[in-house]
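What follows is each chain in one-letter form.
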Amino acid sequence: MRTSAVSHTYWPTTMGSGTPHHLHAFSRLDGLGNATTSSTTTVSPISNNNIVCYAPTMITTNGIWQGDNPLNYSLPLFILQLTLIVCTTRSLVLLLKPLRQPRVIAEIIGGVLLGPSVLGRFESFAAKVFPLRSVTVLETMAHLGLLYFLFLVGVEMDLTVLRRTGRRGLIVALSGMALPFIIGTSSSFLLRPHVSKNLHAGAFLLFLGVALSVTAFPVLARILAELKLLNSDLGRFAMSSALANDMAAWVLLAIAIALSENNSGGGSAPLASLYVILSGTAFVALCFFVVRPAIDWVIRRTPEGEPFDEFYICTILTGVMVCGLITDAIGIHSVFGAFVFGLVIPNGPLGAVLIEKLEDFVSGIILPLFFAISGLRTNIAAITNPRTAWFLTLVIFIAGAAKIAGTLLVALFYSMPFREGLSLGVLMNTKGLIEMIVLNIGRDKQVLDEQSFAIMVITSVIMTAAVVPVVTSIYRPARRLQPYKRRTLQMQRARPDAELRMLACVHAPRNVPSIISLLDASNPTKRSPIFVYALHLVELTGRASAMLIVHNTSSRNGGGGGSGGYGNRAPLSRAQAQSEHIVHAFENYEQHAGGVSVQPLTAISPYSTMYEDVCGIAEDKRAALIVLPFHKHQTVDGAMETANPALRGVNQGVLAHAPCSVAILVDRGLGGGGASRAAHAAGHHVAVLFFGGPDDREALAYAWRMAEHPAISLTVVRFVAGDSASSSSSSSSAAAASASGAGDPKVLTDAERERVLNEDLITEFRMKNAGEEAVMYTEMVVNNGEETVAAIRSMEAVHDLYVVGRGMGVSCRCWRG
């Protein structure tokens with residue numbers, strides 16, 4: 001039988017220098033389909049023959065001293081291309097960072113700059129840096145990186161987010177996807193004669209509908225993080241809706257590819273598309289019902305805290321390529337198999353290890369190749385038909401407006417404010433990785449011509465770039481929370497019957513006893529209750545985005561998770577197990593303490609932005625006080641050692657940006673005995689070191705509440721400047737007053753105003769506690785820092801808890817009595 005004339009690999013007859021291209025192996029099929037070989041043959045133009053060429057010596061160079069040009073060899077050329085792409089995209093990332101644009105924008109623009117639209121217009125640059133003979137290697141590496149990145153996206157996705165948001169998130173996703181999908185499919189009948197004449201109408205319909213309706217989940221996560229909306233109601237709603245949108249888009253894309261295979265030589269039987277869909281469904285079932293239990297078995301075999309065996313890790317990484325091969329053989333794109341395989345990896349330590357090993361290399365080095373290739377394929381000069389271009393652009397923007405309208409209508413139906421619903425619709429128009437995959441597959445399958453591809457890439461960049469500025473101008477929750485930012489503990493004291501809201505942060509279970517002891521010492525009563533938001537702070541390691549988990553304490557069942565918990569999935573990761581332990585501890589405290597209500601929360605975010613989550617939750621919950629554990633903990637011998645250096649940065653960030661008072665809790669024994677045990681003994685002593693200023697006044701207001709506890713004695717030590725200290729301070733104050741022109745006796749300087757506020761608060765405190773035996777007020781005269789430190793050290797053996805002003809709020813320092 002005579003084989004068809006298909007050339008698998010074709011090397012041009014001349015290199016960049018114009019010399020013949022010599023091959024060490026040359027294979028050609030004769031008329032009978034048999035291979036004939038010869039060595040050291042020069043390739044010349046051959047038509048109507050099957051040619052398979054292999055040039056092993058053209059991979060690496062012998063060096064410039066041997067007269068070789070490195071750019072004539074595939075490996076040096078690929079290294080140059082990769083370096084150029086990474087440097088260009090990274091430079092654009094830095095330039096666009098002030099505009100708060102996602103990295104995908106810089107990567108696509110970088111590809112456009114390097115492609116035929118800009119630098120590629122220079123023939124010398126295109127022929128030397130991006131010659132046609134290098135496209136195969138470049139695209140192969142780009143798709144390999146895409147394969148592993150989609151695997152990481154699947155690993156990072158948490159499908160339980162859909163369950164936490166409930167039916168609302170699913171309905172918002174489907175409504176935001178339905179209208180643009182209908183517009184895309186309807187317009188496909190008008191566009192198909194001008195864009196894709198030879199393709200099956202159903203395949204073109206699905207490709208265009210998916211491209212117009214998809215939302216990029218990974219890009220949206222990074223935009224929400226940049227806007228600091230991840231832990232807001234809007235952010236959680238957008239993330240869950242985008243996740244559901246992505247799932248639906250993958251299903252439709254798989255169907256579209258199956259239909260396109262019928263017309264691209266992938267299968268001529270009428271039932272070929274049905275076979276592809278059924279095979280894909282069987283593959284998904286195999287992954288979830290066979291591969292998932294096997295991975296759970298691997299996790300159970302690995303003791304908690306122990307590293308995973310390298311054999312298991314290598315097997316999983318190899319499985320990514322195997323799954324890609326299977327789906328590619330089925331007739332679905334290979335990235336679909338990698339994505340599904342990532343979905344079956346449970347959230348937890350295994351996912352964290354895989355992400356740690358792949359994230360930087362894949363996302364930072366290899367993935368930009370895919371976006372760069374999308375840009376290299378984008379030729380603005382190919383837009384030659386103005387009528388088709390304007391019509392396609394109009395359809396794209398109408399579909400975007402329809403997505404906003406559909407999302408907004410459903411959001412209003414669920415009583416979401418208009419601005420939030422509008423912002424949600426704009427966020428759902430985020431494009432990126434998924435759409436680029438759809439467009440590139442569509443171009444490969446001849447669904448889109450060069451002009452349509454360029455138009456859709458450019459409009460995607462424009463729409464995604466507009467998301468951040470539009471949402472910033474529409475959604476401004478800071479305006480709504482501005483009055484709250486002026487609330488202090490002193491204002492709380494003006495309303496003694498009001499509820500005190502506290503945000504108690506916990507990093508590990510060892511922080512819980514001291515936090516509970518401090519809460520009990522804060523004198524919660526039915527007359528003046530305390531509402532505590534117990535926030536477990538977890539480092540982001542195995543998810544695509546930060547998130548806030550609200551534990552439903554009213555419906556917890558044993559180890560279950562309620563609507564907002566982790567659920568009954570096994571095995572639990574270390575962070576999940578710690579959250580369960582912390583939640584149970586606070587629930588138990590709430591049941592046995594009077595006047596305390598507890599709402600457990602879990603915030604998952606990187607340490608670099610964790611302070612933003614803490615401050616955002618404090619604003620959202622209108623807390624008057626944030627309690628943070630100190631970054632050091634006490635050892636057995638009484639010394640203090642650093643538990644995690646990153647926690648210090650978290651505390652410093654909260655102190656600098658908190659909208660309310662902040663307590664840094666340094667536990668040196670309070671959790672061991674604690675105020676709860678001291679509530680039944682009269683020997684628990686609290687000291688306030690008062691130097692003056694707004695922070696010390698906040699500290700005194702907080703300790704004043706503690707003093708109302710029947711088993712706590714309070715000592716307020718006011719440090720007064722001595723004669724030598726007061727003389728120097730008075731001269732500096734006079735100089736400052738003269739410099740500011742404060743000659744009018746009715747005008748007070750800032751220092752004098754602070755002094756008046758200090759005196760007023762101290763006078764009020766002494767008058768209202770004049771007859772209280774458990775409250776003591778004393779003054780210490782000090783002249784310098786050394787005397788101050790000596791006076792404080794003399795009290796170490798007397799008091800259990802010290803409350804002093806520090807930084808932007810309150811610092812609670814706990815010492816063993």
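Refer to the structure above for everything that follows.
As the structure is a prediction and not an experimental result, all values here were calculated from the model.

J.: Where do I start with the overall build of the chain in this structure?
T.: A count of helical and extended segments in the chain gives 28 helices and 18 strands. The 817 residues of the chain split such that 51% are buried. A separation threshold of at least 6 residues defines the contact pool for the chain, and within that pool the share at least 24 residues apart is 77%. Accessible area for the chain stands at about 37,200 Å²; split by element, carbon and sulfur atoms hold 60% of it.

J.: Could you clarify how one ought to interpret the packing of aromatic side chains in this entry?
T.: Scanning the entire structure with this criterion turns up 10 aromatic pairs. Ring-pair connections join several aromatic residues into one group, and the members of that group are Trp250, Phe336 and Phe339. When the ring centre of Phe531 is taken as origin, the NZ or CZ atom of Arg501, which lies over that ring, is 5.7 Å away.

J.: Whenever I open this one, the environment of Pro629 confuses me. Can you help?
T.: Locating Pro629 in the fold gives a position in strand 10 (residues 625-629). Accessibility expressed as a relative area gives 5% for Pro629, which makes it buried. C-alpha separation for the pair Pro629 and Val512, spaced 117 residues apart in sequence, amounts to 9.5 Å. Not counting residues within four places of it along the chain, the set of residues in contact with Pro629 comprises Cys505, Val506, His507, Asn511, Asn651 and Leu665.

J.: I keep staring at the environment of Arg495 and nothing clicks. Help me out?
T.: When you line up the elements, Arg495 lands in the loop between helix 19 (489-494) and strand 6 (500-506). Distance in space between the C-alpha atoms of Arg495 and Ser528 is 9.3 Å, their sequence separation being 33 residues.

J.: Hey, could you run me through helix 11 (residues 310-330) in this one?
T.: Residues spaced three or four apart along an α-helix face the same direction, because each turn holds 3.6 residues. With 21 residues, helix 11 ought to run about 30 Å at 1.5 Å a step, and its terminal C-alpha atoms sit 30 Å apart, in line with that. Within helix 11 the residues assigned to the buried category are Tyr312, Ile313, Ile316, Leu317, Gly319, Val320, Cys323, Gly324, Thr327 and Ile330. Tucked into the core, helix 11 has its buried residues touching helix 4 (135-156), helix 10 (272-301), helix 12 (334-343) and helix 13 (349-376). The distance from a side-chain oxygen at the start of helix 11 to the backbone nitrogen of Phe311 is 2.7 Å, and the residue carrying that oxygen is Asp309.

J.: In this structure, what is going on with the pattern of salt bridges? I would like to understand it.
T.: Where charged atoms from two side chains of opposite charge approach closely, those side chains can pair. Tallied over the entire structure, the rule returns 10 salt bridges. Among the ionic pairs, Arg377 bridges to Asp444, the shortest N-O distance being 2.9 Å. Of this pair, Arg377 sits in the loop between helix 13 and helix 14 (386-413) while Asp444 is found in helix 16 (residues 433-444), placing the two residues 67 residues apart along the sequence. Judged by relative accessible area, which is 12%, Arg377 ranks as buried. Each of Glu139, Arg377 and Asp444 takes part in salt bridges that share partners, so that together they form one network.

J.: Help me out: how do you make sense of helix 25 (residues 694-707) in this one?
T.: In this model helix 25 runs 20 Å from its N-terminal to its C-terminal C-alpha over 14 residues, within 8% of the 20 Å that 1.5 Å per residue would give. Across the 14 residues of helix 25, 13 count as buried, placing the element largely inside the fold.

Here is what the cut-offs are and how they apply
Residues numbered from 1 in each chain as written. Predicted model: local features only at pLDDT ≥ 70, side-chain atom pairs only at ≥ 80, totals over all residues. Heavy atoms only, no water. Helix = DSSP H or I, 4+ residues; strand = E, 2+ residues; numbered from the N terminus. Buried < 20%, exposed > 50% of the residue type's maximum accessible area, 1.4 Å probe, protein only. Contact = heavy atoms within 4.5 Å. Areas by Shrake-Rupley, 256 points an atom, 1.4 Å probe, with all protein chains shown as cover. Phe/Tyr/Trp six-rings, centres within 6.5 Å; stacked < 30°, edge-to-face > 60°. Lys NZ or Arg CZ within 6 Å of the ring centre and 35° of its normal. Expected span 1.5 Å × (residues − 1). Polar contact = N/O pair within 3.5 Å; in protein donor to acceptor, adjacent residues only side chain to side chain. Salt bridge = Lys/Arg side-chain N within 4 Å of Asp/Glu carboxyl O.

So far we have only geometry, and geometry alone does not tell us how the molecule works.
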